[in-house]
Protein chains: 2
Amino acid sequence: MDRKKGILIIVSGFSGSGKGTIMKRLLEEHQEEYALSISATTRAPRPGEVHGREYFFQTEEEFKAMIADQALLEYAQYVGNYYGTPKGYVQEQLSSGRDVILEIEIQGAWKVKEQCPDALLLFVTPPSAEELKKRLIGRGSEEEAVIASRLGRAWQEAQGVEGYDYLVINDDLEECVQNVHSIIQNEHARVSRNLEQIQAIQAGLRCFVKGE
Amino acid sequence: MDRKKGILIIVSGFSGSGKGTIMKRLLEEHQEEYALSISATTRAPRPGEVHGREYFFQTEEEFKAMIADQALLEYAQYVGNYYGTPKGYVQEQLSSGRDVILEIEIQGAWKVKEQCPDALLLFVTPPSAEELKKRLIGRGSEEEAVIASRLGRAWQEAQGVEGYDYLVINDDLEECVQNVHSIIQNEHARVSRNLEQIQAIQAGLRCFVKGE
């Protein structure tokens, strides 16, 4: 398979779908193949957080300059702080041949897809609504109102699933990590991602035919 | 993964690409999951050929009735005989949950895709034009004119590759069989092939939200 250029992979999913755990496992098991996109933020670093690892920490002025320079794939404001996806880091990783994973919610996913039509969109879900509710309750620490609010949000998010490329059902974690890896690997064999090689074969055959 | 309904897989590729061997291996290794589409033909059975195994052998009258009844996904005439793909057998296998493999050339592939927009199109090729030529020559038994004619045909066929979904590069046979299997398995996770399950999750979430 052709590994010249990486694929930008957008991963979304319900809160409680286990998407964070899946991504963590994927990156642990295939360090050389994947990179996780690092967000920029104007919020202050928490103890232990490292610039360029958890986040790129920036002043509001710096962040606004990135917006003005169109240096962000998407951004949003949340509780008074900016969060966004720097284009440069993503492109650098893609050029090095790594597939870049961007864990992001639906609204951001559409914005990124607009700028990167080649992005691959995965949506992670438990096998059923019942199972999602069970997992949210199962966390134990949440109040009923919090669970209700999460289910309400899940319902809203569920309206956008049809716009994704793949439905990733997280039933068994190991199997799910394996499936996600396999989906991404196979995506490299898409005709639309191999046009250069196809054109090379066409040109080669043309040479033989014209030469004879 | 959802295995309720099978996928129709169209496999094309250059003469000398090894697509026949790949399909044979795939069917041997995963008997329960795949079925090979069986063509109908008006040519006489050869010794050892069995009706319903190699071909459905038919009279010209029967064949023309199938054309009139739109009971064929595609058909063509070749050296005075008809060859075609009966819809019924394919649909039966798909309904039973098997993925059906249809080894067919580009012209037929477009006809089938028109009737079955959900069909998955794979194109098998050696890694390069040079390698294709080498393999055609390597067969040894062919005259130069035959090789030239095959390369000419390959050049023509190569013009249609962009219309396929996946480029399957046959470099190492084992790896290639594994890749094809993996591509097909993952295709079952496409959002467009899981709309029922998505709608069930949406409906379930809606219930929770409305109930609370």
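All of these numbers come straight from a predicted model, not from anything done at the bench.

### A look at the overall build of chain A
Counting its secondary structure elements, chain A contains eight helices and nine strands. By its C-alpha atoms, chain A is 75 × 45 × 30 Å across when sized along the principal axes. Taking as baseline every contact in chain A between residues at least 6 positions apart, the subset at least 24 positions apart corresponds to 67%.

### Quick notes on unusual backbone geometry
Positive phi, normally seen in glycine, also occurs at A:Val79, with a value near 50°. Summarising the element assignment, A:Val79 is placed in the loop between strand S5 (72-78) and strand S6 (81-86). Even without glycine at this site, B:Gln70 takes up a positive phi of about 50°. With respect to the helices, strands and loops of the structure, B:Gln70 is situated in the loop between helix H2 (60-68) and strand S5 (72-78).

### Regarding the sheet that holds strand S2 (residues 34-36) of chain A
All names here are of chain A. The five strands lie next to each other as S2-S7-S1-S8-S9, forming an open sheet whose pairing is parallel. Each of the sheet's edge strands pairs with one partner strand only, and the pair in question is S2 and strand S9 (166-169). For this sheet, the mean angle separating the axes of adjacent strands, direction not counted, is 30°. Across the sheet, helix H1 (residues 19-29) is in contact with strand S1 (8-13), S2, strand S7 (99-103) and strand S8 (120-125); its angle to S2 comes to roughly 135°.

### Topic: the packing of H1(A) against helix H7 (residues 173-187) of chain A
Residue and element names in this part refer to chain A. The geometry of H1 relative to H7 is characterised by a closest axis approach of 10 Å and an angle of 65° between their N-to-C directions. Every pair of crossing elements has a handedness; the one defined by H1 and H7 is right-handed. Within the contact between the two elements, H1 uses Thr21, Ile22, Arg25, Leu26 and Glu29 and H7 uses Leu173, Cys176, Val177, Val180 and His181. Class assignment of the residues belonging to the contact of H1 with H7 gives a composition of six nonpolar, two polar and two charged.

### Brief notes about the relation of the copies chain B and chain A
The two copies are related by a screw operation: chain B maps onto chain A through 180° of rotation and 0.0 Å of translation along the axis, at an RMSD of 0.0 Å. When the rotation and shift are considered jointly, the pair of chain copies conforms to a two-fold rotation axis. A symmetric contact is evident, with 100% of the interface residues of chain B recurring at the interface of chain A.

### Let's talk about the sheet that holds S5(A)
All names here are of chain A. If you trace the four strands from one edge of the open sheet to the other, you get S4-S3-S6-S5, paired in mixed fashion. The sheet is open, and its two edges are formed by strand S4 (55-57) and S5, each paired on a single side. Pairs of neighbouring strands in the sheet enclose a mean axial angle of 25°, with direction left out of account. Strand direction decides the pairing type here: strand S3 (residues 39-41) and S4, joined by three bridges, are parallel. Within S4, the position partnered with Ser39 by the bridge is Tyr55.

### Some details on helix H6 (residues 144-158) of chain A
Residue pairs spaced three or four apart in an α-helix point in one direction, given the helix's 3.6 residues per turn. The first and last C-alpha atoms of H6(A) sit 21 Å apart over 15 residues, in line with the 21 Å expected at 1.5 Å per residue. Of the residues making up H6(A), those classed as buried are A:Leu151, A:Ala154, A:Trp155, A:Glu157 and A:Ala158. Axial view of H6(A): buried residues confined to an arc of 165°, hence all on one face. Exposed residues pointing more than 90 degrees away from the buried face of H6(A) are listed as A:Ala145, A:Val146 and A:Gln156. The elements touched by buried residues of H6(A) are helix H4 (106-115) and helix H5 (129-138) of chain A together with helix H8 (195-211) of chain B.

### Some remarks on the interface of chain B and chain A
Facing 35 residues of chain B, the contacting portion of chain A comprises 35 residues. Those elements that place two or more of their residues in the side of chain B that touches chain A are helix H5 (129-138), helix H6 (144-158), strand S9 (166-169), helix H7 (173-187) and H8 of chain B. The element contributing the most residues to the side of chain B that touches chain A is H8(B), with eight residues. Looking at side-chain class alone, the side of chain B that touches chain A contains 19 nonpolar, nine polar and seven charged residues.

### Details of the confidence of the model for chain A
On average, residues of chain A score 93 in pLDDT, and 96% of them reach the 70 mark or higher. Listed scores for the predicted complex are pTM 0.90 and ipTM 0.88.

Reading the values: rules and limits
- Sequence positions are assigned chain by chain, starting from 1 and proceeding in written order.
- Written order determines the labels here, with chains lettered from A and ligands numbered from 1.
- Reporting in this predicted model follows two pLDDT cut-offs: at least 70 for local features of residues, and 80 or more for side-chain atom pairs to be given and counted; totals over whole chains, interfaces and linings ignore these cut-offs and use all residues.
- Secondary structure elements follow DSSP: runs of H or I of four or more residues count as helices, runs of E of two or more count as strands, with numbering from the N terminus.
- In this description, any two residues whose backbone-derived C-beta atoms lie within 7 Å of each other are considered to be in contact.
- At least two bridges found by DSSP between two strands is the condition for calling them paired.
- For helices, the fitted axis covers only the stretch in contact; all axes are lines through C-alpha atoms, and the angles between them, taken along N-to-C directions, range from 0 to 180 degrees.
- By convention the crossing between two helices is left-handed if the near helix lies anticlockwise of the far one by an angle smaller than a right angle, and right-handed if it lies clockwise.
- Residues are grouped as follows: Ala, Val, Leu, Ile, Met, Phe, Trp, Tyr, Cys and Pro are nonpolar; Asp, Glu, Lys and Arg are charged; all remaining types, including Gly, are polar.
- When the copies are overlaid, the least-squares fit takes in C-alpha atoms only where the residue has pLDDT of at least 70 in both copies.
- Given a helix with a known number of residues, its expected span is that number minus one, times 1.5 Å.
- Put simply, a residue is buried when 20 or more other C-beta atoms lie within 10 Å of its own C-beta and exposed when 12 or fewer do; between those, it is partly exposed, and each C-beta is set from the backbone.
- The arc in question is the one spanned by the directions pointing from the helix axis to the C-beta atoms.
- You can read pLDDT as the predictor saying how much it trusts each residue, on a scale of 0 to 100.

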